[in-house]
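Chain and residue survey
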Amino acid sequence: MARAGLSGERVVAAAAELADEVGFERVTLSALARRFGVKDASLYSHVRGMEDLRTRLALYAGGELIDQIAVAVAGRAGREALAAFAGAYRAYALRHPGRYAATQIRVDQSLIAGTPALRRTAELTYGMLRGYGLEEPDLTDAVRLLRSTFHGYCALESTGGFGADRDVQASWDKAVDALHLALEHWPRETGPNRQKAEER
C-alpha cells in the first residue's frame, strides 16, 4: 500500500536533490527511503527499482536543462544563441552536478521520443544549427561537436582540472567563439553520405 504523501514525482524530485548532494552514483532507494522516513519497500509503489529511478531522474534532469536553455536562447540567433545555449548548459552542469550526471546516462530512445521536454532538446539544438545553414549529416556531426566540447569543459572545470593561470570564463568565451567560427565555416558533407542522409 502506498504511503500517504508519497508519489513518483516526489520520489524523483528527492532523488534529484540527493544526487546534487552526494553524487548521482550514490543515489540509492535505501538513501531515499531514509530521507522520507519510510522502509525501502514503500518506494516500490512509486518506482520499479533502481534502473527505473535512474531513467526517470535522467528524464527529469534533462527536462530541467532544456527548459533553462530554451529560456536563454529565446529570441536569439547566430553567435548570441550559441553563447546563450552554452552558458545555460554550463550553468546547469556546475550548479546541479548530480542531476547533470544523470543526463549523461544512456536512456532508451523510445522513452526520449515520448517525452515532450526532451523532444524540445533536438528541436531547439537542431533549429539553432540550421541557422548556420547545416543539414544532415552535418547537423548530427555538429551536435556531437557541441556536446563533447560543453561536456568536456564542464567535467574538467567541476573537478578543478584547469590549473593554468588563465581565467576560466575567458577560456570558455574563446571556446564559444571558436565553435561559432567552426559552424560558420563547416566542411559540408558531399557525395554518398549526404545523399543517404537526404533519403532518410
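Preceding this section is the structure that the text describes.
Since we're looking at a predicted model, the values are computed, not measured.

**Re the overall build of the protein**
Of the regular secondary structure elements, the protein holds eleven helices and zero strands. Seen through its principal axes, the protein has C-alpha atoms that stretch 60 × 50 × 30 Å. The contacts in the protein between residues at least 6 apart in sequence include a share of 69% that link residues at least 24 apart. Of the roughly 11,200 Å² of accessible surface on the protein, a fraction of 52% belongs to carbon and sulfur atoms. Distance from the positive charge centre (26 side chains) to the negative charge centre (26 side chains) of the protein: 5 Å.

**Points about the nonpolar core**
Counting residues in hydrophobic clusters, the biggest one holds 34 residues, and the most contacted among them are Ile-69, Leu-82, Leu-129, Leu-134, Leu-146, Phe-150 and Leu-183. Where this core is concerned, the elements lending two or more residues are helix 4 (50-73), helix 5 (78-95), helix 8 (116-130), helix 9 (138-158) and helix 10 (168-184). Per-element tally for this core: the top contributor is helix 5, with nine residues. Non-local contacts of Leu-134, meaning those with residues more than four positions away in its chain, are made with Leu-129, Leu-139, Ala-142, Leu-183, Trp-186 and Arg-188. With 21 residues, the next largest nonpolar core counts Val-11, Ala-31, Leu-43 and Leu-57 among its residues.

**Description of helix 8**
In a regular helix each residue adds 1.5 Å, so 15 residues correspond to 21 Å; helix 8 covers 21 Å between its end C-alpha atoms and thus fits that length. For helix 8, the complete set of buried residues consists of Leu-118, Leu-124, Thr-125, Tyr-126, Met-128 and Leu-129.

**A short note on unusual backbone geometry**
Along the chain, Glu-136 connects to Pro-137 via a cis peptide bond; the corresponding omega equals 5 degrees. Assignment of secondary structure puts Pro-137 in the loop between helix 8 and helix 9.

**Details of the side chain of Arg-90**
Among the structural elements, Arg-90 can be located in helix 5. Side-chain polar atoms of Arg-90 contact the side chain of Glu-157, separated by 2.9 Å. Apart from the residues within four sequence positions on either side, Arg-90 is in contact with Tyr-153, Cys-154, Glu-157, Val-168, Gln-169 and Trp-172.

**What to know about empty space enclosed by the protein**
For the structure shown, the criterion picks out one cavity of 30 Å³ or more. When its volume is computed, the largest cavity comes out at roughly 40 Å³. Looking at the largest cavity, the residues that line it are Phe-24, Val-27, Met-50, Leu-53, Arg-54 and Leu-57. Of the residues that constitute the lining of the largest cavity, the class distribution is five nonpolar, no polar and one charged.

**Observations regarding the environment of Leu-179**
In this structure, Leu-179 sits in helix 10. On the basis of relative accessible area, Leu-179 is assigned to the buried category, the value being 7%. Considering only alpha carbons, one finds Leu-179 and Arg-79, 100 residues apart in sequence, at a separation of 9.0 Å. When sequence neighbours within four positions are dropped, the list of residues in contact with Leu-179 reads Leu-82, Leu-145, Leu-146, Thr-149 and Phe-150.

**A few points about the packing of helix 1 (residues 8-22) against helix 2 (residues 29-36)**
Put simply, helix 1 and helix 2 touch, their axes get as near as 10 Å, and they point 110 degrees apart. When the axis of helix 1 is compared with that of helix 2, the two are roughly perpendicular. Taken together, the residues of helix 2 that come into contact with helix 1 (itself represented by Arg-10, Val-11, Ala-14, Ala-15, Glu-17, Leu-18 and Glu-21) are Ala-31, Leu-32, Arg-35 and Phe-36. Of the residues contributing to the contact of helix 1 with helix 2, the split by class is seven nonpolar, no polar and four charged.

**Topic: the packing of helix 4 against helix 5**
Contact geometry of helix 4 with helix 5 gives a least axis separation of 8 Å together with a crossing angle of 145 degrees. Once helix 4 is placed against helix 5, the crossing between them reads as right-handed. Residues Ala-61, Glu-64, Leu-65, Gln-68, Ile-69, Ala-72 and Val-73 of helix 4 pack against Ala-81, Ala-84, Phe-85, Ala-88, Tyr-89, Tyr-92 and Arg-95 of helix 5. Looking at the contact of helix 4 with helix 5, its residues break down into eleven nonpolar, one polar and two charged.

Conventions and cut-offs
Residues numbered from 1 in each chain as written. Predicted model: local features only at pLDDT ≥ 70, side-chain atom pairs only at ≥ 80, totals over all residues. Heavy atoms only, no water. Helix = DSSP H or I, 4+ residues; strand = E, 2+ residues; numbered from the N terminus. Contact = heavy atoms within 4.5 Å. Areas by Shrake-Rupley, 256 points an atom, 1.4 Å probe, with all protein chains shown as cover. Lys, Arg positive; Asp, Glu negative; His and termini not counted. Charge placed at Lys NZ, Arg CZ, Asp CG, Glu CD. Core = buried A, V, L, I, M, F, W, Y, C linked by side-chain atoms within 4.5 Å. Buried < 20%, exposed > 50% of the residue type's maximum accessible area, 1.4 Å probe, protein only. Expected span 1.5 Å × (residues − 1). Polar contact = N/O pair within 3.5 Å; in protein donor to acceptor, adjacent residues only side chain to side chain. 1 Å grid on protein atoms, 1.4 Å probe; cavity = no way out; pocket = protein on both sides within 12 Å on 5 of 7 lines; lining within 4 Å. Points joined across faces, edges and corners; volume = space filled by probe spheres on them. Nonpolar A, V, L, I, M, F, W, Y, C, P; charged D, E, K, R; others polar. Axes fitted to C-alpha atoms, helices over the stretch in contact; angles between N-to-C directions. Parallel < 35°, antiparallel > 145°, perpendicular 65-115°, else oblique. Left-handed = near helix turned anticlockwise from the far one by under 90°.

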